[in-house]
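What the coordinates show
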Amino acid sequence: MRALIVVDVQNDFVPGGALAVREGDRVVPVANGLMGRFQLVVATQDWHPADHGSFAANHLGKQVGEVIELNGFPQVLWPVHCVQGTRGAEFAAGLAVEKLTRVFRKGTEAGIDSYSGFFDNGHRRATGMGDWLNEKGVRDIYVMGLATDYCVKFTALDGVGLGFNVWLVEDGCRGVELRAGDVGRAVEEMRGAGVKMIRSAEILSAA
Ligand code: VGL
Ligand code: ZN
């Protein structure tokens, strides 16, 4: 069994959003096109409380992009984004949400961030996605979405760590690129960990 995992395709990560990823909206048709090819389609949703520790606005005198220590872990500071119940946290316009089998929310604890769809950044608490996929008999996961250099990367790496065969749908991802080259480095890191690269056209053309 295989599953498509659509990471954080939410209003705040597409152009016009609070933490807009360049061309982030381009992944929507890729996701929609692939959904029909998978029996199981899972989405993750960044889902922060307003007092989340990853928001620069919650740290006096700190700027977006600075790195602080948050409860013992390095934390990049971001603009306020994906606050629970706000429009920015909703799935991006046009995403075929009716085709989602399950949604896993993450980043819900103020004191720790969660880039991966499987665990928080300290690997202390699981979202339940790993157990759920295992219960469904999933062995192969196809990861796509936003952003390549953060949530997509950590989801793919944790997937490998949990023993799944992980595929990155290259054209179904876009990155933040806080520093130039971050996306390329993220792809190489994933590849080095055993993540296999695939393009959506290859999935669509397979029998
Ligand atoms: C993400 C930064 C902060 C992501 C989420 O979805 O990649 N990046 N929160
Ligand atoms: Zn976030």
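Structure's up top.
Let me begin by describing the structure that accompanies this report.

**A word on the site of ligand 1**
Close contacts around ligand 1 come from Asp8, Phe13, Leu19, Asp46, Trp78, His81, Tyr115, Leu146, Ala147, Tyr150 and Cys151, and that covers them all. The side chain of Asp8 places a nitrogen or oxygen atom 2.7 Å from an oxygen atom of ligand 1. Within the backbone of Ala147, a nitrogen or oxygen atom sits 3.0 Å from an oxygen atom of ligand 1. Taken together, the residues of the shell around ligand 1 sort by class into eight nonpolar, one polar and two charged.

**Focus: the nonpolar core**
For soluble globular proteins, the rule of thumb is that nonpolar side chains tend to be buried together. Core analysis: the largest hydrophobic core is formed by 63 residues, its most contacted members being Leu4, Leu133, Ile141 and Met144. When residues of this core are assigned to their parent elements, the largest contribution, six residues, is made by helix H1 (residues 27-35). Sequence-distant contacts of Leu133, that is, excluding residues within four places in its chain, are made with Ala3, Ile5, Val42, Phe118, Val138, Ile141 and Phe164.

**Focus: the packing of helix H3 (residues 148-161) against helix H4 (residues 182-193)**
Between two packed helices, what matters for the description is the angle formed by their axes and the separation of those axes. At a minimum axis separation of 10 Å, H3 and H4 run at an interaxial angle of 5°. When the axes of H3 and H4 are compared, the pair comes out roughly parallel. From H3, Thr148, Asp149, Lys153, Ala156, Leu157 and Val160 reach across to H4, where they touch Asp182, Val183, Ala186, Val187, Glu189, Met190 and Ala193. Taken together, the residues that form the contact of H3 with H4 break down as eight nonpolar, one polar and four charged.

**Some words on the environment of Val14**
Position of Val14 among the secondary structure elements: in the loop between strand S1 (2-7) and H1. Given the relative accessible area of 9%, Val14 is considered buried. For the pair Val14 and Glu202, spaced 188 residues apart in the sequence, the C-alpha separation amounts to 25 Å.

**With respect to the environment of Phe104**
Tracing the sequence through the fold places Phe104 in strand S5 (residues 102-106). Along the primary structure Phe104 and Ala180 are separated by 76 residues, whereas in three dimensions their C-alpha atoms are 30 Å apart. If we ignore the near neighbours within four places in the chain, the residues touching Phe104 are Val42, Ala43, Thr44, Gln45, Thr127, Gly128, Met129 and Trp132.

**Section: the packing of aromatic side chains**
For the structure on display, the rule yields seven aromatic pairs. Pairing Trp78 with Tyr150 gives two aromatic rings, centres 4.9 Å apart and planes at 90°, and the pair type is edge-to-face. Linking Trp78 in the loop between strand S4 (73-76) and S5 with Tyr150 in helix H3, this pair joins segments that are 72 residues apart in sequence. Each member of the pair Trp78 and Tyr150 is classed as buried.

**Let's talk about the coordination of the zinc ion (ligand 2)**
Expected angles at a metal are 109.5 degrees for tetrahedral coordination by four donors and either 90 or 180 degrees for octahedral coordination by six donors. At 2.0 to 2.2 Å from the zinc ion (ligand 2) lie its protein donor atoms, namely Asp46 (OD), His48 (NE2) and His81 (NE2). The sequence pattern describing where the donors of the zinc ion (ligand 2) fall on their chain is D-x1-H-x32-H. Here Asp46 is found in strand S2 (residues 40-46), whereas its partner His81 is found in the loop between S4 and S5, with 35 residues between them in sequence. Both residues of the pair, Asp46 and His81, belong to the buried class.

The rules behind the values
Residues numbered from 1 in each chain as written. Chains lettered and ligands numbered in written order. Predicted model: local features only at pLDDT ≥ 70, side-chain atom pairs only at ≥ 80, totals over all residues. Heavy atoms only, no water. Near = heavy atom within 4 Å. Polar contact = N/O pair within 3.5 Å; in protein donor to acceptor, adjacent residues only side chain to side chain. Nonpolar A, V, L, I, M, F, W, Y, C, P; charged D, E, K, R; others polar. Core = buried A, V, L, I, M, F, W, Y, C linked by side-chain atoms within 4.5 Å. Buried < 20%, exposed > 50% of the residue type's maximum accessible area, 1.4 Å probe, protein only. Helix = DSSP H or I, 4+ residues; strand = E, 2+ residues; numbered from the N terminus. Contact = heavy atoms within 4.5 Å. Axes fitted to C-alpha atoms, helices over the stretch in contact; angles between N-to-C directions. Parallel < 35°, antiparallel > 145°, perpendicular 65-115°, else oblique. Phe/Tyr/Trp six-rings, centres within 6.5 Å; stacked < 30°, edge-to-face > 60°. Donors = N, O, S within 2.8 Å, 3.2 Å for Na, K, Ca; no water.

On their own, these measurements won't tell you what the molecule is for.
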